[in-house]
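Given next are the chains, with one letter for each unit.
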Amino acid sequence: MADKTSLPQILLIGATGRTGRLVLEEALYRGHLVTILIRKADDTLPQHNNLTISIGDPCVETDVEKALQATKPSVPVTIISTLGQTRKSGNPWAATTSPRRFMEASAKAVLAASQSPSVRGMVKVEKLILMSMFGAGDSFDQLNFLMRWTMNHSNMDVAIEDQNLVDAAVKAGPLPFVLVRPAMLKNGEALPVKVHGNNGEGAGFMPSITVKSVVTFLLDAAVKSEFDGTTPMISN
Ligand SMILES: NC(=O)c1ccc[n+]([C@@H]2O[C@H](COP(=O)([O-])OP(=O)(O)OC[C@H]3O[C@@H](n4cnc5c(N)ncnc54)[C@H](OP(=O)(O)O)[C@@H]3O)[C@@H](O)[C@H]2O)c1
(Lines give C-alpha, C1' and ligand atoms only; values in the text may rest on other atoms or scores of the structure.)
Protein backbone atom coordinates (compact mmCIF):
# COMPACT_ATOMS: atom_id res chain seq x y z
CA MET A 1 0.00 0.00 0.00
CA ALA A 2 1.27 3.50 -0.87
CA ASP A 3 2.32 6.08 1.74
CA LYS A 4 -0.94 7.83 2.79
CA THR A 5 0.54 11.30 2.29
CA SER A 6 1.07 10.56 -1.41
CA LEU A 7 -2.30 8.93 -2.08
CA PRO A 8 -4.33 10.49 -4.89
CA GLN A 9 -7.88 11.53 -4.20
CA ILE A 10 -10.46 9.35 -5.90
CA LEU A 11 -13.46 10.61 -7.81
CA LEU A 12 -15.62 7.51 -8.04
CA ILE A 13 -18.39 7.22 -10.63
CA GLY A 14 -20.68 4.20 -10.21
CA ALA A 15 -20.49 4.06 -6.40
CA THR A 16 -24.03 2.66 -6.14
CA GLY A 17 -23.24 -0.46 -8.22
CA ARG A 18 -22.07 -3.94 -7.24
CA THR A 19 -18.39 -3.16 -7.79
CA GLY A 20 -18.56 0.56 -7.03
CA ARG A 21 -19.81 0.00 -3.47
CA LEU A 22 -16.82 -2.20 -2.74
CA VAL A 23 -14.40 0.25 -4.40
CA LEU A 24 -15.80 2.98 -2.14
CA GLU A 25 -15.41 0.87 1.00
CA GLU A 26 -11.86 -0.22 0.12
CA ALA A 27 -10.73 3.27 -0.99
CA LEU A 28 -11.82 4.73 2.35
CA TYR A 29 -10.14 1.84 4.18
CA ARG A 30 -6.90 2.55 2.31
CA GLY A 31 -7.03 6.19 3.41
CA HIS A 32 -7.95 7.95 0.15
CA LEU A 33 -10.03 11.11 0.16
CA VAL A 34 -13.04 10.06 -1.92
CA THR A 35 -15.67 12.05 -3.79
CA ILE A 36 -18.55 10.13 -5.35
CA LEU A 37 -20.81 11.36 -8.12
CA ILE A 38 -24.20 9.68 -7.75
CA ARG A 39 -27.54 10.39 -9.38
CA LYS A 40 -29.57 10.61 -6.18
CA ALA A 41 -28.98 10.51 -2.42
CA ASP A 42 -28.55 6.95 -1.12
CA ASP A 43 -28.65 6.31 2.62
CA THR A 44 -27.21 2.81 2.19
CA LEU A 45 -23.81 4.29 1.31
CA PRO A 46 -21.29 4.73 4.15
CA GLN A 47 -20.76 8.01 5.96
CA HIS A 48 -17.12 8.93 6.49
CA ASN A 49 -15.05 12.05 7.20
CA ASN A 50 -13.03 11.42 4.03
CA LEU A 51 -16.14 11.06 1.83
CA THR A 52 -17.75 13.88 -0.18
CA ILE A 53 -20.98 13.22 -2.05
CA SER A 54 -21.82 15.12 -5.21
CA ILE A 55 -25.27 14.62 -6.71
CA GLY A 56 -25.50 14.75 -10.48
CA ASP A 57 -25.56 12.88 -13.75
CA PRO A 58 -22.24 11.32 -14.81
CA CYS A 59 -23.22 11.93 -18.45
CA VAL A 60 -23.46 15.71 -17.99
CA GLU A 61 -20.16 17.55 -18.30
CA THR A 62 -21.10 20.33 -15.85
CA ASP A 63 -22.15 17.76 -13.23
CA VAL A 64 -18.77 16.03 -13.54
CA GLU A 65 -17.10 19.47 -13.27
CA LYS A 66 -19.05 20.12 -10.05
CA ALA A 67 -17.91 16.80 -8.62
CA LEU A 68 -14.28 17.60 -9.49
CA GLN A 69 -14.67 21.03 -7.92
CA ALA A 70 -15.93 19.32 -4.74
CA THR A 71 -12.56 17.55 -4.33
CA LYS A 72 -9.82 19.01 -2.15
CA PRO A 73 -7.79 21.59 -4.10
CA SER A 74 -4.13 20.75 -4.75
CA VAL A 75 -4.37 16.98 -4.11
CA PRO A 76 -4.17 15.13 -7.47
CA VAL A 77 -7.31 13.25 -8.48
CA THR A 78 -7.68 9.84 -10.06
CA ILE A 79 -11.10 9.13 -11.54
CA ILE A 80 -12.40 5.57 -11.27
CA SER A 81 -15.56 4.61 -13.16
CA THR A 82 -17.43 1.38 -12.49
CA LEU A 83 -20.57 2.30 -14.43
CA GLY A 84 -22.45 -0.55 -16.04
CA GLN A 85 -25.23 -1.10 -18.55
CA THR A 86 -28.08 -2.63 -16.53
CA ARG A 87 -30.74 -5.23 -17.45
CA LYS A 88 -33.88 -6.39 -15.65
CA SER A 89 -32.01 -9.53 -14.55
CA GLY A 90 -28.69 -11.27 -15.08
CA ASN A 91 -30.19 -13.24 -18.00
CA PRO A 92 -28.37 -12.07 -21.15
CA TRP A 93 -31.76 -11.73 -22.95
CA ALA A 94 -33.42 -9.69 -20.16
CA ALA A 95 -34.60 -6.21 -21.19
CA THR A 96 -32.04 -3.45 -20.89
CA THR A 97 -32.71 -0.74 -18.29
CA SER A 98 -29.98 1.80 -19.15
CA PRO A 99 -29.98 4.07 -22.19
CA ARG A 100 -27.88 2.81 -25.08
CA ARG A 101 -24.38 4.34 -25.10
CA PHE A 102 -24.73 6.12 -21.75
CA MET A 103 -21.28 4.94 -20.65
CA GLU A 104 -19.74 6.50 -23.77
CA ALA A 105 -21.61 9.74 -22.92
CA SER A 106 -20.18 9.61 -19.40
CA ALA A 107 -16.63 8.91 -20.59
CA LYS A 108 -16.85 11.90 -22.94
CA ALA A 109 -18.28 14.10 -20.16
CA VAL A 110 -15.45 13.05 -17.83
CA LEU A 111 -12.76 13.72 -20.43
CA ALA A 112 -14.19 17.15 -21.26
CA ALA A 113 -14.75 18.13 -17.62
CA SER A 114 -11.18 17.19 -16.69
CA GLN A 115 -9.92 19.73 -19.26
CA SER A 116 -12.31 22.58 -18.45
CA PRO A 117 -10.50 25.76 -17.35
CA SER A 118 -12.43 25.97 -14.06
CA VAL A 119 -11.33 22.45 -13.13
CA ARG A 120 -7.77 22.74 -14.40
CA GLY A 121 -7.22 25.85 -12.35
CA MET A 122 -8.10 23.90 -9.22
CA VAL A 123 -7.28 20.19 -9.45
CA LYS A 124 -4.97 18.01 -11.46
CA VAL A 125 -6.69 14.93 -12.85
CA GLU A 126 -3.86 12.43 -13.03
CA LYS A 127 -5.52 9.37 -14.44
CA LEU A 128 -8.77 7.75 -15.54
CA ILE A 129 -9.35 4.12 -14.57
CA LEU A 130 -12.37 2.41 -16.07
CA MET A 131 -13.92 -0.95 -15.41
CA SER A 132 -14.46 -2.37 -18.86
CA MET A 133 -14.98 -6.06 -19.64
CA PHE A 134 -13.32 -9.07 -21.25
CA GLY A 135 -14.75 -8.98 -24.78
CA ALA A 136 -14.33 -5.22 -25.30
CA GLY A 137 -12.20 -4.01 -28.20
CA ASP A 138 -9.53 -6.40 -29.41
CA SER A 139 -10.26 -8.87 -26.58
CA PHE A 140 -13.48 -10.03 -28.30
CA ASP A 141 -11.68 -12.65 -30.42
CA GLN A 142 -10.25 -14.26 -27.27
CA LEU A 143 -13.72 -15.07 -25.86
CA ASN A 144 -14.81 -18.67 -26.38
CA PHE A 145 -17.32 -19.30 -29.20
CA LEU A 146 -20.26 -19.56 -26.77
CA MET A 147 -19.51 -16.17 -25.22
CA ARG A 148 -18.96 -14.59 -28.64
CA TRP A 149 -22.32 -15.96 -29.84
CA THR A 150 -24.10 -14.79 -26.67
CA MET A 151 -22.57 -11.32 -26.87
CA ASN A 152 -23.69 -11.03 -30.49
CA HIS A 153 -27.20 -12.48 -30.12
CA SER A 154 -28.44 -11.26 -26.73
CA ASN A 155 -28.96 -7.90 -25.03
CA MET A 156 -25.33 -8.13 -23.90
CA ASP A 157 -24.60 -6.57 -27.28
CA VAL A 158 -25.68 -3.24 -25.76
CA ALA A 159 -22.98 -3.52 -23.08
CA ILE A 160 -20.26 -4.57 -25.50
CA GLU A 161 -21.19 -1.81 -27.98
CA ASP A 162 -21.04 0.78 -25.19
CA GLN A 163 -17.75 -0.55 -23.78
CA ASN A 164 -16.23 -0.47 -27.29
CA LEU A 165 -17.24 3.17 -27.65
CA VAL A 166 -15.80 3.98 -24.20
CA ASP A 167 -12.59 2.22 -25.20
CA ALA A 168 -12.27 4.36 -28.34
CA ALA A 169 -13.16 7.64 -26.60
CA VAL A 170 -10.73 7.10 -23.73
CA LYS A 171 -7.86 6.03 -26.00
CA ALA A 172 -8.41 9.19 -28.10
CA GLY A 173 -8.72 11.38 -25.01
CA PRO A 174 -6.26 13.59 -23.15
CA LEU A 175 -5.90 11.60 -19.90
CA PRO A 176 -3.57 8.76 -18.95
CA PHE A 177 -5.87 5.74 -18.64
CA VAL A 178 -6.19 2.16 -17.53
CA LEU A 179 -9.07 0.26 -19.19
CA VAL A 180 -9.43 -2.84 -17.03
CA ARG A 181 -11.04 -5.86 -18.72
CA PRO A 182 -12.17 -8.32 -16.04
CA ALA A 183 -13.39 -11.83 -16.80
CA MET A 184 -16.85 -12.95 -15.63
CA LEU A 185 -17.56 -11.56 -12.16
CA LYS A 186 -18.24 -13.83 -9.19
CA ASN A 187 -18.58 -13.37 -5.44
CA GLY A 188 -15.84 -14.25 -2.98
CA GLU A 189 -12.76 -12.85 -1.35
CA ALA A 190 -9.93 -10.96 -3.07
CA LEU A 191 -7.63 -13.54 -4.69
CA PRO A 192 -4.35 -13.24 -6.60
CA VAL A 193 -4.96 -11.65 -10.01
CA LYS A 194 -3.60 -12.98 -13.32
CA VAL A 195 -3.07 -10.45 -16.11
CA HIS A 196 -3.51 -11.91 -19.62
CA GLY A 197 -1.95 -9.08 -21.59
CA ASN A 198 -4.13 -6.44 -23.22
CA ASN A 199 -6.55 -8.77 -25.00
CA GLY A 200 -6.90 -11.88 -22.83
CA GLU A 201 -4.86 -14.28 -24.93
CA GLY A 202 -4.44 -17.52 -22.99
CA ALA A 203 -7.11 -16.66 -20.40
CA GLY A 204 -8.75 -20.10 -20.81
CA PHE A 205 -12.23 -21.28 -21.79
CA MET A 206 -14.39 -19.61 -19.10
CA PRO A 207 -12.23 -17.35 -16.92
CA SER A 208 -13.73 -15.61 -13.91
CA ILE A 209 -12.70 -13.21 -11.17
CA THR A 210 -14.11 -12.13 -7.82
CA VAL A 211 -15.43 -8.59 -7.64
CA LYS A 212 -13.16 -7.99 -4.64
CA SER A 213 -10.12 -8.95 -6.74
CA VAL A 214 -11.19 -6.38 -9.36
CA VAL A 215 -11.53 -3.77 -6.62
CA THR A 216 -7.96 -4.45 -5.46
CA PHE A 217 -6.69 -4.17 -9.05
CA LEU A 218 -8.54 -0.88 -9.71
CA LEU A 219 -7.22 0.76 -6.54
CA ASP A 220 -3.68 -0.57 -7.01
CA ALA A 221 -3.76 0.96 -10.51
CA ALA A 222 -4.47 4.33 -8.87
CA VAL A 223 -1.11 4.31 -7.07
CA LYS A 224 1.16 2.63 -9.61
CA SER A 225 1.88 3.30 -13.25
CA GLU A 226 2.55 -0.27 -14.39
CA PHE A 227 -0.72 -0.51 -16.36
CA ASP A 228 -1.01 3.11 -17.55
CA GLY A 229 -2.03 3.29 -21.21
CA THR A 230 -3.04 -0.37 -21.32
CA THR A 231 -6.16 -2.58 -21.28
CA PRO A 232 -5.24 -5.37 -18.85
CA MET A 233 -7.50 -8.43 -19.10
CA ILE A 234 -7.69 -9.95 -15.63
CA SER A 235 -8.90 -13.18 -14.01
CA ASN A 236 -8.13 -15.19 -10.86
N1 LIG B 1 -21.11 -9.01 -14.88
C2 LIG B 1 -19.93 -9.45 -15.28
O3 LIG B 1 -19.64 -10.67 -15.27
C4 LIG B 1 -18.89 -8.45 -15.74
C5 LIG B 1 -17.64 -8.92 -16.11
C6 LIG B 1 -16.67 -8.00 -16.48
C7 LIG B 1 -16.94 -6.64 -16.51
N8 LIG B 1 -18.18 -6.21 -16.18
C9 LIG B 1 -18.43 -4.75 -16.24
O10 LIG B 1 -18.21 -4.20 -14.96
C11 LIG B 1 -18.87 -2.95 -14.84
C12 LIG B 1 -19.45 -2.82 -13.46
O13 LIG B 1 -20.37 -3.87 -13.24
P14 LIG B 1 -21.28 -3.90 -11.93
O15 LIG B 1 -22.01 -5.21 -11.99
O16 LIG B 1 -20.48 -3.56 -10.74
O17 LIG B 1 -22.28 -2.69 -12.25
P18 LIG B 1 -23.78 -2.47 -11.70
O19 LIG B 1 -23.94 -3.09 -10.34
O20 LIG B 1 -24.74 -2.88 -12.76
O21 LIG B 1 -23.81 -0.89 -11.49
C22 LIG B 1 -24.21 -0.07 -12.48
C23 LIG B 1 -23.82 1.37 -12.10
O24 LIG B 1 -24.04 2.17 -13.25
C25 LIG B 1 -24.94 3.22 -12.89
N26 LIG B 1 -25.89 3.48 -13.97
C27 LIG B 1 -26.68 2.60 -14.62
N28 LIG B 1 -27.43 3.23 -15.54
C29 LIG B 1 -27.07 4.55 -15.46
C30 LIG B 1 -27.48 5.72 -16.17
N31 LIG B 1 -28.40 5.68 -17.13
N32 LIG B 1 -26.91 6.90 -15.84
C33 LIG B 1 -25.99 6.97 -14.86
N34 LIG B 1 -25.56 5.90 -14.16
C35 LIG B 1 -26.10 4.71 -14.46
C36 LIG B 1 -25.71 2.75 -11.68
O37 LIG B 1 -26.14 3.89 -10.96
P38 LIG B 1 -27.63 4.02 -10.34
O39 LIG B 1 -27.55 3.30 -9.03
O40 LIG B 1 -27.83 5.48 -10.23
O41 LIG B 1 -28.56 3.36 -11.31
C42 LIG B 1 -24.63 1.93 -10.95
O43 LIG B 1 -23.84 2.75 -10.14
C44 LIG B 1 -19.89 -2.93 -15.98
O45 LIG B 1 -19.50 -1.99 -16.95
C46 LIG B 1 -19.84 -4.33 -16.57
O47 LIG B 1 -20.02 -4.32 -17.96
C48 LIG B 1 -19.16 -7.07 -15.77
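Residues numbered from 1 in each chain as written. Predicted model: local features only at pLDDT ≥ 70, side-chain atom pairs only at ≥ 80, totals over all residues. Heavy atoms only, no water.

Asks: Is there a simple way to explain the sheet that holds strand E4 (residues 77-81) in this structure?
Replies: Adjacent strands of a sheet pair through backbone hydrogen bonds, lying either parallel or antiparallel. Taken in spatial order, the eight strands line up as E3-E2-E1-E4-E5-E6-E10-E8 in an open sheet, and their pairing is mixed. Edge strands, defined here as strands with exactly one partner in the open sheet, are strand E3 (51-55) and strand E8 (194-195). Of the pairings in the sheet, the one linking E8 to strand E10 (residues 233-235) comprises two bridges and is antiparallel in character. Directly across from Val195, in E10, lies its bridge partner Ile234. Packed on one face of the sheet, helix H1 (residues 18-30) meets strand E1 (9-13), strand E2 (34-38), E3, E4 and strand E5 (125-131) and runs near 160 degrees to E2. With respect to the sheet, helix H7 (residues 211-223) is in contact with E1, E4, E5, strand E6 (177-182), E8 and E10, its orientation differing from that of E5 by roughly 165 degrees. (Pairing = 2+ DSSP bridges. Helix = DSSP H or I, 4+ residues; strand = E, 2+ residues; numbered from the N terminus. Contact = heavy atoms within 4.5 Å. Axes fitted to C-alpha atoms, helices over the stretch in contact; angles between N-to-C directions.)

Asks: What am I meant to see in the packing of helix H3 (residues 102-115) against helix H6 (residues 156-172) here?
Replies: Helix packing geometry: the angle between the two helix axes and the distance between the axes. At a minimum axis separation of 7 Å, H3 and H6 run at an interaxial angle of 20 degrees. With respect to H6, the element H3 is oriented roughly parallel. Crossing handedness for the pair H3 and H6: right-handed. Contact with H3, carried on its side by Phe102, Met103, Glu104, Ala107, Lys108 and Leu111, involves Ala159, Asp162, Gln163, Leu165, Val166, Ala169 and Val170 of H6 and no other residues of that element. A breakdown of the residues in the contact of H3 with H6 according to their chemical character gives nine nonpolar, one polar and three charged. (Parallel < 35°, antiparallel > 145°, perpendicular 65-115°, else oblique. Left-handed = near helix turned anticlockwise from the far one by under 90°. Nonpolar A, V, L, I, M, F, W, Y, C, P; charged D, E, K, R; others polar.)

Asks: In this structure, what is going on with helix H5 (residues 145-153)? I would like to understand it.
Replies: An α-helical turn contains 3.6 residues, so a residue and the one three or four places further along point in the same direction. Those residues of H5 lying buried are Met147, Thr150 and Met151. Relative to the axis of H5, the buried residues are bounded by an arc of 100 degrees and lie together on one face. With a side-chain oxygen positioned 2.8 Å from the backbone nitrogen of Leu146, the residue opening H5 is Asn144. (Buried < 20%, exposed > 50% of the residue type's maximum accessible area, 1.4 Å probe, protein only. Arc of directions from axis to C-beta. Polar contact = N/O pair within 3.5 Å; in protein donor to acceptor, adjacent residues only side chain to side chain.)

Asks: I'm lost on the nonpolar core in this one. Help?
Replies: Nonpolar side chains in soluble globular proteins tend to be buried together. Formed by 41 residues in total, the largest nonpolar core has its most connected members in Leu12, Leu24, Val34, Ile36, Ile129 and Met151. Considering every element that reaches this core, the biggest residue donor is H7, with eight residues. Residues within four places of Leu24 in sequence aside, it is in contact with Leu12, Val34, Ile36, Leu45, Pro46 and Leu51. Counting 26 residues, the second largest nonpolar core, distinct from the first, contains Ile13, Leu83, Val166 and Val170. (Core = buried A, V, L, I, M, F, W, Y, C linked by side-chain atoms within 4.5 Å.)

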